[in-house]
Amino acid sequence: MKIVSGEKMGQIDRKAMEAYGIPGIVLMENAGLQVVSLVQQLYPRPDDGMIAVFCGRGNNGGDGFVIARHLQKLGYRVTTWAMGVLSAYKGDAATNYDIYLKGGGHVSLLTESDPSAITKELQESDLIVDALLGTGVRNRVAEPFAEVIRAINGSRARVLAVDIPSGISADTGEVLGEAVKADYTVTFALPKRGLLLFPGAQYAGRVFVGDIGIPRELTASSEIRENLVTGDEIKGQLPRRVADGHKGTYGRALILAGSAGMTGAAALASEAALRGGAGLVYAGIAAELRAVLEAKLREVIILAFPGDGKGNMEPAGVGEILNFAEQCRAAVAFGPGMEPGRKTLELLKALLNKTALPMVIDAGGLSALALDTGPLAQKKGPVIVTPHPGEMARLTGIEVPAIQRRRWEIAAEKAREWDSIVVLKGAHTVTALPDGEVFVNPTGNPVLSTAGSGDILTGLITGLAAQGLPPQWAAVCGAYLHGLAGDLLAEQVGERGHLAGDVLAFIPPALNRVSEFSSRAPGALFPVKEFQQ
């Protein structure tokens, strides 16, 4: 599913109207009906609560009048607020305002009401529908909108935002002075960038995408390079499990990892590769640490490669590593728990120069590359790098706050520069391909904010690549499943007190949950975090 800016969505809307002849008022009606559909799910019985609908002056406000009209028709108790009299509205918004009034609807004017009256109304409401500003806002929110937003945020009621929470930039996720803190957002046709970029994502609550009848030729255009990963896409990419399969059927993964005091990283990555479905997983470690790793792992085969006596693999052992990797055609992971430094860089450089096998680079491998990213230019095979923002800062010389402000753009820039797949970890992990395509992951939560979580992601991606997934899909699927495993853990046990290793047990349920996803009927609301249904 494509992700768009507010401006791009406006272009798509206009093309739907001009080139396909779809009247704007039809799109507005469909948008309102999608919000009504969610309200019916939240409040199946019309007498369950009071609903306050706040309508701005633009098309977002027009959506609000559609919503209010249909909710009243269904028997819901609705109060409707507008930013002025009918003559203050234009176009389709004015038409729907007029229809609402002629149908017996009552409108209270925000511009003429005492703030205390608005506050009292909100305190008596169970649900607030925010249709104030929409995706067109570019500048700091002015009064009286800011005052109304503060009143909404001060209410005890749940809040449902129409298209995007008022005051959030649709392009950047920036809070434009004041912004509505929504529990739910129904966005239309395609998710907007600001709903997935922080802090906007924090204000949006649970996000649903509503089909409003825009032709697929417009919403699936290859010109749009930013994508939201969906469970349907992941399901379509996962390797099939066949009835006559055996361990050799599902590929081999070689995890080069660990150092003194860091064998746990090697263990986590290796187990994740197995949980992700790889048939055989080998953990390569400095010979002096072999016994330590064997004590941690049962199903993983431990390989001892030449070490320096301190727990670090020596570049001199590259021949043995390459011989083994090439012989079994393994997907390779490099770096979890490895000591960063020149020796690690030398070993990595030699591997990149001499094997065309897919390689996932993380942790110590990334810290080594921060000394010199040049070896990426000499690689023979596909490479996936998996930095967190701190590692990306070391790799690029860009400070972490600047990276976080431009996560998608920087990931895409570096994917092109390094001719590698970049998985920039964090809230809504982003996977960028060298051709400019970007995939934003919707799964995950603070359960994953703990040491070792990245090692699990590395192993999971490597295990998927071992099963024959193209590297880009191994990366995208790995990020989605990793986040989904964390979501299922939080759903079943709660978000606090977990170790990274606890996530391992939820990888199989995540795989099975994805396998159960089914395509939605046309017109259905699509929850961005599908598992939460």
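Look above for the structure.
Attention in this report is confined to the structure presented alongside it. (Residues numbered from 1 in each chain as written. Predicted model: local features only at pLDDT ≥ 70, side-chain atom pairs only at ≥ 80, totals over all residues. Heavy atoms only, no water.)

## Points about the overall build of the protein chain
If you tally the helices and strands in the protein chain, you get 21 helices and 18 strands. Overall, the C-alpha framework of the protein chain stretches about 85 × 45 × 45 Å when taken along its three principal axes. Sequence separation of at least 24 residues holds for 71% of the intrachain contacts in the protein chain that already meet a minimum separation of 6. Total accessible area computed for the protein chain in this model is approximately 21100 Å², and 49% of it derives from carbon and sulfur atoms. Between the centroid of the 51 positive side chains of the protein chain and the centroid of its 56 negative side chains there is a distance of 3 Å. (Helix = DSSP H or I, 4+ residues; strand = E, 2+ residues; numbered from the N terminus. Contact = heavy atoms within 4.5 Å. Areas by Shrake-Rupley, 256 points an atom, 1.4 Å probe, with all protein chains shown as cover. Lys, Arg positive; Asp, Glu negative; His and termini not counted. Charge placed at Lys NZ, Arg CZ, Asp CG, Glu CD.)

## As for empty space enclosed by the protein
For the structure shown, the criterion picks out one cavity of 30 Å³ or more. Taken as a whole, the largest cavity holds about 30 Å³ of empty space. Every residue lining the largest cavity is listed: Gly258, Gly311, Asn312, Met313, Met338, Glu339 and Thr344. Split by residue class, the lining of the largest cavity holds two nonpolar, four polar and one charged. (1 Å grid on protein atoms, 1.4 Å probe; cavity = no way out; pocket = protein on both sides within 12 Å on 5 of 7 lines; lining within 4 Å. Points joined across faces, edges and corners; volume = space filled by probe spheres on them. Nonpolar A, V, L, I, M, F, W, Y, C, P; charged D, E, K, R; others polar.)

## Thoughts on the packing of aromatic side chains
Under the defined criterion, the tally for this structure stands at seven aromatic pairs. Consider the rings of Phe65 and Tyr100, whose centres lie 6.3 Å apart with planes at 35°: the pair is tilted. Taken as a pair, Phe65 in helix α3 (residues 59-73) and Tyr100 in helix α4 (residues 91-102) lie far apart in primary sequence, 35 residues in all. Residue Phe65 is classed as buried on the basis of its relative accessible area, which comes to 0%. (Phe/Tyr/Trp six-rings, centres within 6.5 Å; stacked < 30°, edge-to-face > 60°. Buried < 20%, exposed > 50% of the residue type's maximum accessible area, 1.4 Å probe, protein only.)

## Some points on the pairing of strand β6 (residues 184-188)
For β6, a buried count of five out of five residues is recorded, marking the element as mostly surrounded by other parts of the structure. By the bridge criterion, three bridges tie strand β5 (residues 158-162) to β6 in an arrangement that is parallel. Each residue of the ladder has a partner; that of Ala161, found in β6, is Thr185. Bridge count between β6 and strand β7 (residues 206-210): five bridges; the pairing is parallel. Each bridged residue has a counterpart across the sheet, and for Val186 the counterpart in β7 is Phe208. (Pairing = 2+ DSSP bridges.)

## Side note on helix α13 (residues 342-354)
For α13, with 13 residues, the first-to-last C-alpha span of 18 Å sits near the 18 Å given by 1.5 Å per residue. All of the buried residues along α13 are Thr344, Leu345, Leu347, Leu348, Ala350, Leu351 and Leu352. (Expected span 1.5 Å × (residues − 1).)

## Overview of the packing of helix α2 (residues 24-42) against α4
When two helices pack together, their arrangement is given by the angle between their axes and by how far apart the axes lie. Packing of α2 against α4 leaves a shortest axis separation of 9 Å and a crossing angle of 60°. Taken together, the axis directions place α2 and α4 in an arrangement best described as oblique. In this structure, α2 crosses over α4, and the sense of that crossing is right-handed. Counting all contacts with α2, which are made through Gly24, Ile25, Met28 and Glu29, the residues of α4 involved are Asp92, Ala93, Thr95 and Asn96. Looking at the contact of α2 with α4 residue by residue, the class counts come to three nonpolar, three polar and two charged. (Axes fitted to C-alpha atoms, helices over the stretch in contact; angles between N-to-C directions. Parallel < 35°, antiparallel > 145°, perpendicular 65-115°, else oblique. Left-handed = near helix turned anticlockwise from the far one by under 90°.)

## Digging into the sheet that holds strand β4 (residues 127-131)
Ordered in space as β3-β2-β1-β4-β5-β6-β7-β18, the eight strands form an open sheet in which the pairing is mixed. Two strands in the sheet have a free side with no partner beyond their single neighbour: β3 (107-109) and β18 (526-527). Inspection of the sheet shows strand β1 (residues 50-55) paired to strand β2 (residues 77-82) by six bridges, in the parallel sense. Residue pairing across strands places Ile51 opposite Val78, the latter belonging to β2. Together, β1, β2 and β4 form the strand contacts of helix α5 (residues 115-123), whose direction differs from that of β2 by roughly 150°.

## Some points on α5
Turning to α5, its buried residues are Ile118, Glu121 and Leu122. Seen along its axis, α5 keeps its buried residues to an arc of 100°; they face one direction. Contacts from the buried residues of α5 go to β1, β2, β4 and α6 (145-153). (Arc of directions from axis to C-beta.)

## Some points on the pairing of β7
In terms of burial, β7 is largely enclosed, as four of its five residues are buried. Where β7 meets β18, two bridges bridge the pair, whose relative direction is antiparallel. Bridge pairing links Phe208 to Pro527 in β18.

## Some details on the pattern of salt bridges
Oppositely charged side chains can form a pair if their charged atoms are brought close together. In this structure the tally under the stated criterion is 23 salt bridges. Linking Lys343 and Glu314 is a salt bridge whose minimum nitrogen-to-oxygen distance equals 3.3 Å. Placement of the pair is Lys343 in helix α13 and Glu314 in the loop between β11 (301-305) and α12 (318-328), with a sequence separation of 29 residues. Judged by relative accessible area, Lys343 falls into the partly exposed class, the value being 44%. Close ionic contact of Lys379 with Asp419 constitutes a salt bridge, the shortest N to O distance being 3.3 Å. In this pair, Lys379 is assigned in the loop between α14 (364-369) and β14 (383-385) and Asp419 in the loop between α17 (407-418) and β15 (421-424), connecting sequence segments 40 residues apart. A relative accessible area of 47% places Asp419 in the partly exposed class. (Salt bridge = Lys/Arg side-chain N within 4 Å of Asp/Glu carboxyl O.)

## What about the side chain of Ser155?
Counting through the fold element by element, Ser155 comes out in the loop between α6 and β5. Engagement of the side chain of Ser155 in a polar contact is seen with the backbone oxygen of Leu122, the distance being 3.1 Å. Beyond its immediate chain neighbours, meaning those up to four positions away, Ser155 contacts Leu122, Gln123 and Ile128. (Polar contact = N/O pair within 3.5 Å; in protein donor to acceptor, adjacent residues only side chain to side chain.)

## Examining the packing of helix α15 (residues 389-396) against α17
Two elements in contact, α15 and α17, have axes separated by 12 Å at closest approach and are oriented at 50°. In terms of axis orientation, α15 runs oblique to α17. For the pair α15 and α17, the sense of crossing is left-handed. For the pair formed by α15 and α17, the contact residues are Pro389, Met392, Leu395 and Thr396 on the first element and Arg407, Ile410, Ala411, Lys414 and Trp418 on the second.

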